[in-house]
Amino acid sequence: MKTVNTTIQKDQQLSIHSKIQDLGPWFHNLTLNGIQTAPEHFLGDYPNIKWQHLKTAIPEDLSGKSVLDLGCNAGFYSIELKKRGARRVLAIDSDPAYLAQARFAAEVKEVDIEFEEMSVYDAATLGEKFDIVLFMGVMYHLRYPLLALDTLAEHVVKESFIFQSLTRGSQEISGFDEDYPFSEEAIFTEPSYPAMYFVEKSYAHDPTNWWIPNRACAQAMLRSAGFSIISSPDLDVFVCKLEADRGSHSSFKSVNRP
Ligand SMILES: C[S@@+](CC[C@H](N)C(=O)[O-])C[C@H]1O[C@@H](n2cnc3c(N)ncnc32)[C@H](O)[C@@H]1O
């Protein structure tokens, strides 16, 4: 009997291994039935290394909560939050190849997650707000990052927004005045002034990396879209809450002004 079971287990392992190969290359390193999907990841055991910082900033019990994972990739975070008892996890990504990985991973891990092929720009069409919205590792892939942040703040975030972005340049945060005269130029040479690098061609061999903010800029953009930053469990990760009065100071200021 033992030999039969071992043979079945070996067959299962082989079929999972071959499916992982078929669905690759993987950005998320998941462990599926003991087999890693991206053991040679250039960032190490990713995104588990990021999760180790983030996991204590999210409640351990998510019973009754709805979660939206934007740009879910192979679903690492969706799976972790579902394992914490979230009532509903909806995971979206614009890339069908990553969604196929995520569907397979959820099946192997036996977690009930809904997947949808969709761009973050179209999130308003979901017609629903979620208790926890993850927007990890996506903003710098967008040509219109503030459009995305404003759309998410307006249409899908009920309360919690968990954000991560690749950042480059200064990590320093310093205070700046509300306003400066036109003659002021020196602040723009300060490394800690909020700034975002535009990548015209490619960065890290990835032509979908468009905008890379410094840390101050990532924070400023979040505030400008109506989020207040509650904590920063890692230098490039921000746990935010949507401000109740976001319309009064956010992107709408330009249209509201005379
Ligand atoms: C660097 S990965 C981050 C994956 C995951 N959120 C994480 O933090 O590990 C970026 C993901 O965003 C997805 N993506 C890029 N542009 C998108 C868009 N406009 N709408 C939805 N997903 C997008 C990519 O397909 C990819 O899966």
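Everything that follows concerns the structure shown earlier in this document.
In what follows, the accompanying structure is described.

Criteria and thresholds
Residues numbered from 1 in each chain as written. Predicted model: local features only at pLDDT ≥ 70, side-chain atom pairs only at ≥ 80, totals over all residues. Helix = DSSP H or I, 4+ residues; strand = E, 2+ residues; numbered from the N terminus. Buried ≥ 20, exposed ≤ 12 C-beta atoms within 10 Å, placed from the backbone. Near = placed C-beta within 6 Å. Nonpolar A, V, L, I, M, F, W, Y, C, P; charged D, E, K, R; others polar. Pairing = 2+ DSSP bridges. Right-handed = clockwise from strand over helix to strand, strands pointing away. Axes fitted to C-alpha atoms, helices over the stretch in contact; angles between N-to-C directions. Contact = placed C-beta atoms within 7 Å. Arc of directions from axis to C-beta. Expected span 1.5 Å × (residues − 1).

Here we look at the overall build of the protein
Scanning the protein for helices and strands turns up seven helices and eleven strands. If one aligns the C-alpha atoms of the protein with their principal axes, the spans along those axes are about 80 × 40 × 30 Å. With 258 residues in all, the protein has 35% of them scored as buried.

Considerations on the site of the ligand
Not every one of the 17 residues close to the ligand is listed here, only the nearest: Gly71, Asn73, Asp95, Met136 and Gly137. For the shell around the ligand, the per-class residue count stands at eight nonpolar, seven polar and two charged.

Notes on unusual backbone geometry
A cis amide bond links Gly24 to the next residue, Pro25, at an omega of 0°. Among the secondary structure elements, Pro25 is positioned in the loop between helix H1 (2-23) and strand E1 (31-32). Between Tyr46 and the following residue, Pro47, the backbone shows a cis peptide bond with an omega angle of 5°. Unusually for a residue other than glycine, Glu110 sits at a positive phi of about 55°. Relative to the helices and strands, Glu110 is located in the loop between helix H4 (96-109) and strand E5 (114-117). Look at Glu110 and you get exposed, because 6 C-beta atoms sit within 10 Å.

Examining the pairing of strand E3 (residues 66-70)
E3 sits mainly inside the fold: four of its five residues count as buried. When E3 meets strand E4 (residues 88-93), the two strands line up parallel, connected through five bridges. Residue pairing for E4: Leu68 is matched across the bridge by Leu90. In this view, the connection linking E3 to its parallel neighbour E4 by way of helix H3 (residues 76-83) has right-handed handedness. Relative to strand E6 (residues 130-136), E3 is paired through four bridges, and the arrangement is parallel. By the bridge assignment for E6, Leu70 is matched with Phe135.

Focus on the pairing of E5
In terms of strand pairing, E4 meets E5 through four bridges, oriented parallel. Considered in E5, the bridge of Leu90 is made with Glu114. You can see the chain leave E4, run along H4 and come back into E5, and the turn it takes is right-handed.

Some thoughts on the sheet that holds E6
With mixed pairing, seven strands are arranged side by side in an open sheet as E5-E4-E3-E6-E7-E11-E10. Taken across any chain shown, the strands that pair with only one partner, and hence form the sheet edges, are E5 and strand E10 (227-234). The mean angle between the axes of side-by-side strands here comes to 20°, regardless of whether they run parallel or antiparallel. Sheet strands touched by H4: E4 and E5. Its angle to E5, the strand with the most contacts, is close to 170°.

Let's talk about helix H5 (residues 145-155)
Looking only at H5, the buried set comprises Pro145, Ala148, Leu149, Leu152 and Ala153. One side of H5 holds all its buried residues, which, seen down the axis, span an arc of 125°. Where H5 is buried, its residues touch E6, strand E7 (157-164), strand E9 (211-213), helix H6 (215-224), E10 and strand E11 (237-242).

Description of H4
Taking 1.5 Å per residue, 14 residues should reach 20 Å; H4 reaches 20 Å between its end C-alpha atoms and fits that length. Looking only at H4, the buried set comprises Tyr98, Leu99, Gln101, Ala102, Phe104, Ala105 and Ala106. Among the residues trailing H4, Glu110 stands out with phi positive, at a value near 55°.

Topic: the environment of Leu70
Topologically, Leu70 is positioned in strand E3. What makes Leu70 buried here is the crowd of 25 C-beta atoms within 10 Å. In this structure the C-alpha to C-alpha distance between Leu70 and Glu80, which are ten residues apart in sequence, comes to 14 Å. Discounting residues that sit within four places of it in the chain, Leu70 has contacts with Ile92, Val120, Ala123, Val133, Leu134, Phe135 and Val138.

By themselves, these figures tell us nothing about what the structure is for.
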